[in-house]
Amino acid sequence: MRRSRIISTGSFLPEKVLTNADLEKMVDTSDEWITERTGIKERRIAVHGQAASDLAYEASRVALERAGISAGEVNAIIVGTISGDMPFPSTACFLQDKLGASNAVAFDVNAACSGFLYALYVADSFIKSGLQEKILVVGTEILSQITDWEDRTTCVLFGDGAGAAVVVPSYDDRGVLSVHIHSDGTMWDLISVPGGGSRNPASSDSINQRLHYIKMKGNETFKVAVRTLEDIALKTLAQNGLVPSDLALLVPHQANQRIIQATAERLKLPKEKVVMNLDKYGNTSAASIPIALDEAVRTGRIRERDYILLEAFGGGLTWASALIKW
Ligand code: UT7
């Protein structure tokens, strides 16, 4: 059977660190509140002029190098992002240009924090169907540019970064066992950037109303996230004939420590089996899973043939999971 397999990962985080203490000077918040409610201590912020494709390029370069694959060999580049370089062309096309991946088809998927797993779903389908051979799957975000730095309810949450994975066919038992993607557009208004599109085009009015920034109904989102993530984790495992104790590692989207802990508790996973790095990077939306996965690989937390569960939840609403035999 032909399935897809991640053969390498890479990630890139901008150097500049913004701590909770820095935020205390910007809005009415405290390190104590942020730490207790989210688990975040600091986040990385891109420098002015850096765009999502610049971070994606650094992460992709490393992933390709580790895979021993040249940019010219890549057949497809699929980028998950909600903070792309421009409304169009796609950030994937900018990335293609930077890499010199002249033989690739390149496009973005917009599924907010589930973006990397949606992109993996497309890559997995391309590979299973025999349409493509070597695919670069990327999550990249510069959320600092769409964050309202005067809104304490959102500005403490987000950060910038990118992660990439090289996906190729596998003919043995290792690889992506299943990817599951879900959407519910009736809850679109829980997280959105209302301005800058055809609904509320960019204008001095839209800017004065701060519509070009992320708006989130955090508490409502929190409740749906906890319920949904537990549900997809169990369904994904069951579909593959597995139970939570079979997992070597859970790599969840890094939105909130309390959401991650709630999922881990319901799956009865000890904390050694759960990747958590949001204390250092905050919520990097589509980039959070590939960054966390890359860290887990580099620090030796994943061994060959381990079962790994990835799961995410975000704007749309969208949610997704992927079970991998590494
Ligand atoms: O990644 C995509 C998906 N996103 C998520 O999954 C995010 C899900 N939501 C969350 O992580 C949490 O809801 C938040 C961290 C965003 C908020 O935590 P919460 O426990 O749900 O707090 P809340 O929104 O219910 O606010 C509680 C209080 C409010 O004050 P009052 O009305 O009780 O007086 C807020 O005004 O905390 C206040 N507050 C703050 N206080 C200090 C909100 N933000 C801050 C802040 N510093 N930064």
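Not measured: the values here are computed from a predicted model. (Residues numbered from 1 in each chain as written. Predicted model: local features only at pLDDT ≥ 70, side-chain atom pairs only at ≥ 80, totals over all residues. Heavy atoms only, no water.)

Participant: Sorry if this is basic, but what is going on with the sheet that holds strand β12 (residues 307-314) here?
Facilitator: The pairing of strands in a sheet comes from backbone hydrogen bonds and takes either a parallel or an antiparallel form. A sheet is described by the order of its strands in space; here four strands give the open sequence β8-β13-β12-β11, paired in mixed fashion. At either margin of the open sheet sits one strand with a lone partner, and together these are β8 (175-183) and β11 (249-252). Going from strand to strand, the sheet's axes swing by 10° on average, the running direction of each strand aside. Most of the contacts of helix α5 (residues 115-128) go to β8, to which it runs at about 125°, and overall it touches β8, β12 and β13 (318-325). (Pairing = 2+ DSSP bridges. Helix = DSSP H or I, 4+ residues; strand = E, 2+ residues; numbered from the N terminus. Axes fitted to C-alpha atoms, helices over the stretch in contact; angles between N-to-C directions. Contact = heavy atoms within 4.5 Å.)

Participant: When you look at the nonpolar core in this model, what are you seeing that I'm missing?
Facilitator: Taken as a class, soluble globular proteins show a tendency for nonpolar side chains to be buried jointly. Counting residues in each nonpolar core, the largest one holds 34 residues, and the members touching the most others are Ile6, Leu117, Leu120, Ile135, Val251, Ile308 and Leu310. Tallying contributions element by element places α5 first for this core, with eight residues. For Leu310, the contacting residues outside a window of four places in its chain are Leu117, Leu120, Val251, Ile289, Leu293, Ala320, Ser321, Ala322 and Ile324. (Core = buried A, V, L, I, M, F, W, Y, C linked by side-chain atoms within 4.5 Å. Buried < 20%, exposed > 50% of the residue type's maximum accessible area, 1.4 Å probe, protein only.)

Participant: Help me understand the sheet that holds strand β7 (residues 160-170), please; the structure alone is not making it clear to me.
Facilitator: Read from one edge of the open sheet, five strands run β1-β7-β6-β4-β5, paired in mixed fashion. A strand with exactly one partner marks an edge of an open sheet, and here the two such strands are β1 (3-12) and β5 (105-109). Neighbour-to-neighbour, the strand axes of the sheet open up by a mean angle of 20°, direction not taken into account. The sheet contacts of helix α3 (residues 52-67) involve β1, β6 (135-142) and β7, and relative to β1 the element is tilted by about 125°. Docked against the sheet, helix α4 (residues 91-99) engages β4 (76-80), β5 and β6, running at close to 130° with respect to β4.

Participant: It is not clear to me how the site of the ligand should be interpreted in this structure. Could you clarify?
Facilitator: The environment of the ligand is formed by 24 residues, the closest being Thr29, Arg37, Asn219, Asn256 and Asn283. Between an oxygen atom of the ligand and a side-chain N or O atom of Asn283, the distance comes to 2.7 Å. Surface burial for the ligand is 74%, taken as the share of its 960 Å² of free accessible area covered by protein chains. Listed by contribution, the elements that provide at least two residues to the shell around the ligand are α2 (31-38), α6 (152-155), α8 (218-239), α9 (257-266) and β12. The residue inventory of the shell around the ligand, partitioned by class, reads 10 nonpolar, 10 polar and four charged. (Near = heavy atom within 4 Å. Polar contact = N/O pair within 3.5 Å; in protein donor to acceptor, adjacent residues only side chain to side chain. Areas by Shrake-Rupley, 256 points an atom, 1.4 Å probe, with all protein chains shown as cover. Nonpolar A, V, L, I, M, F, W, Y, C, P; charged D, E, K, R; others polar.)

Participant: Would you explain the pattern of salt bridges in this entry?
Facilitator: When the charged atoms of two side chains with opposite charge come close together, those side chains can pair. Considering all chains together, one arrives at 21 salt bridges under this definition. Between Asp28 and Arg152 there is a salt bridge, with its nearest N and O atoms 3.7 Å apart. Of the two residues, Asp28 sits in the loop between α1 (20-24) and α2 while Arg152 sits in helix α6, which places them 124 residues apart along the sequence. For Asp28, a relative accessible area of 60% corresponds to the exposed category. Through salt bridges with shared partners, a single ionic network connects Asp172, Asp173, Arg174, Glu304, Arg305 and Lys325. (Salt bridge = Lys/Arg side-chain N within 4 Å of Asp/Glu carboxyl O.)

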